[in-house]
Amino acid sequence: MADHVRHAPRPGFREKPSLSGEQVLLRPVTVDDVAALMPMFLDAEASRLTGSHPDGVLDEGRLRAWYGSRAEQDDRLDLAVVERVTGNVVGEVVLNGWDPGNESCNFRILLVPGSYGRGLGTEATRLIVGYGFESLGLHRISLEVYAFNPRARRAYEKAGFVAEGVLRDALLWEGERVDATVMSVLAPEWFRHRGRP
């Protein structure tokens, strides 16, 4: 067994860390972040790129209850993405779908409109993925990205994610069936390139 796995602790999603980069700070998300995050829930393009079908009227009260409960969750890690220059919350990153038996989990990121194209998402991805491998002892972190989101796929590749396969017709969006690419990064890969392949 590789040294990084043998000596790594079991994942502990109960602890909610703060992770600091050059451009962003990742910190535990709170109910007070809902107002800053609302634009990403209301943005039609963000909904399309993430395949989030609207389920009626967006209920801010439900969102507040959801974000207010994140600190108690021990099976996932939800962190706010804070732009260091402005101090503004510009999105969230999440490790979820934890499979302790296989030392793996899923990753997702969503930024508010106007935050794209400045490297904030790439740095946030590297920070949380690095935490997953280096502090939590995970072996595999995976995600799915839709075919009509090449910008996100490029950002994931820059952080070390590798395409594994295609889920054909995984999403039905406004009458069009869209493929999703499954991507992952493994601990041995991460420890070789630290998110810069």
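Note that the coordinates shown come from a computational prediction; the quantities given were computed from them, not determined experimentally.

Asker: Please explain the overall build of the protein as it appears in this structure.
Answerer: Along the backbone of the protein there are seven helices and eight strands. A buried classification covers 45% of the 197 residues belonging to the protein. Of the roughly 10,100 Å² that the protein leaves accessible, carbon and sulfur atoms contribute 50%. Of the charged side chains in the protein, 24 are positive and 28 negative, and the gap between their average positions amounts to 4 Å.

Asker: What's the story with the sheet that holds strand β4 (residues 89–99) in this structure? I'm lost.
Answerer: Backbone hydrogen bonds are what pair the strands of a sheet, in a parallel or an antiparallel way. Taken in spatial order, the eight strands line up as β1-β2-β3-β4-β5-β6-β8-β7 in an open sheet, and their pairing is mixed. Pairing within the sheet leaves two strands with one partner each, and these edge strands are β1 (19–20) and β7 (162–173). Pairing geometry for β1 and strand β2 (residues 24–28), over two bridges, is antiparallel. Paired with L19 across the strands is L26, a residue of β2.

Asker: In this structure, what is going on with unusual backbone geometry? I would like to understand it.
Answerer: With the exception of glycine, the majority of residues adopt a negative phi angle, and the majority of peptide bonds are in the trans configuration. Even without being a glycine, E103 presents a positive backbone phi close to 50°. Take E103: it is sitting in the loop between β4 and β5 (104–111). A residue is classified by how much of its surface remains accessible, and E103, at 25% relative accessible area, is partly exposed. With a phi close to 50°, E174 is a non-glycine residue in the positive phi region. Here E174 shows up in the loop between β7 and β8 (176–186).

Asker: Looking at this model, I keep getting lost on the nonpolar core. Mind explaining?
Answerer: Taken as a class, soluble globular proteins show a tendency for nonpolar side chains to be buried jointly. Counting residues in each nonpolar core, the largest one holds 46 residues, and the members touching the most others are L26, F107 and I141. The element best represented in this core is helix α5 (residues 120–134), accounting for seven residues. With seven residues, the next largest nonpolar core counts L49, F148, L171 and A180 among its residues.

Asker: Teacher, can you tell me more about the pattern of salt bridges here?
Answerer: Side chains that carry opposite charge are capable of pairing whenever their charged atoms lie near each other. A complete count under the given rule lists 10 salt bridges for this structure. We note a salt bridge from R118 to E83, for which the minimum N-O separation is 2.7 Å. Of this pair, R118 sits in the loop between β5 and α5 while E83 sits in strand β3 (residues 77–83), and the two are 35 residues apart along the sequence. Judged by relative accessible area, which is 11%, E83 ranks as buried. Note that R108 and E92 form a salt bridge whose closest N and O atoms lie 3.0 Å from each other. With a gap of 16 residues between them, R108 in strand β5 and E92 in strand β4 connect regions that are remote in the sequence.

Asker: For this particular structure, what's the right way to read the packing of aromatic side chains?
Answerer: Aromatic rings in a pair are described by how distant their centres are and how their planes are angled relative to each other. All told, the structure shown has seven aromatic pairs when counted by the stated rule. Taken together, a centroid distance of 6.3 Å and an interplanar angle of 50° make the contact between F41 and Y67 tilted. Here F41 is found in helix α2 (residues 34–42), whereas its partner Y67 is found in helix α4 (residues 60–68), with 26 residues between them in sequence. Taking relative accessible area as the criterion, F41 reaches 25% and is therefore assigned partly exposed. With a centroid separation of 6.0 Å and 25° between ring planes, the pair formed by F107 and F161 is classed as stacked. One end of the pair, F107, is in strand β5; the other, F161, is in the loop between α6 (150–158) and β7, and 54 residues separate them in sequence. Judged on exposure class, the residue F107 and its partner F161 are both buried.

Asker: Looking at this structure, how should I read the side chain of H193?
Answerer: Within the secondary structure, H193 sits in helix α7 (residues 187–193). Residue H193 is classed as buried on the basis of its relative accessible area, which comes to 17%. In terms of polar contacts, H193 uses its side chain to reach the backbone amide nitrogen of G195, at 2.9 Å. Those residues in contact with H193 that lie beyond four places of it in its chain are A159, G160 and V185.

The rules we used
Residues numbered from 1 in each chain as written. Predicted model: local features only at pLDDT ≥ 70, side-chain atom pairs only at ≥ 80, totals over all residues. Heavy atoms only, no water. Helix = DSSP H or I, 4+ residues; strand = E, 2+ residues; numbered from the N terminus. Buried < 20%, exposed > 50% of the residue type's maximum accessible area, 1.4 Å probe, protein only. Areas by Shrake-Rupley, 256 points an atom, 1.4 Å probe, with all protein chains shown as cover. Lys, Arg positive; Asp, Glu negative; His and termini not counted. Charge placed at Lys NZ, Arg CZ, Asp CG, Glu CD. Pairing = 2+ DSSP bridges. Core = buried A, V, L, I, M, F, W, Y, C linked by side-chain atoms within 4.5 Å. Salt bridge = Lys/Arg side-chain N within 4 Å of Asp/Glu carboxyl O. Phe/Tyr/Trp six-rings, centres within 6.5 Å; stacked < 30°, edge-to-face > 60°. Polar contact = N/O pair within 3.5 Å; in protein donor to acceptor, adjacent residues only side chain to side chain. Contact = heavy atoms within 4.5 Å.

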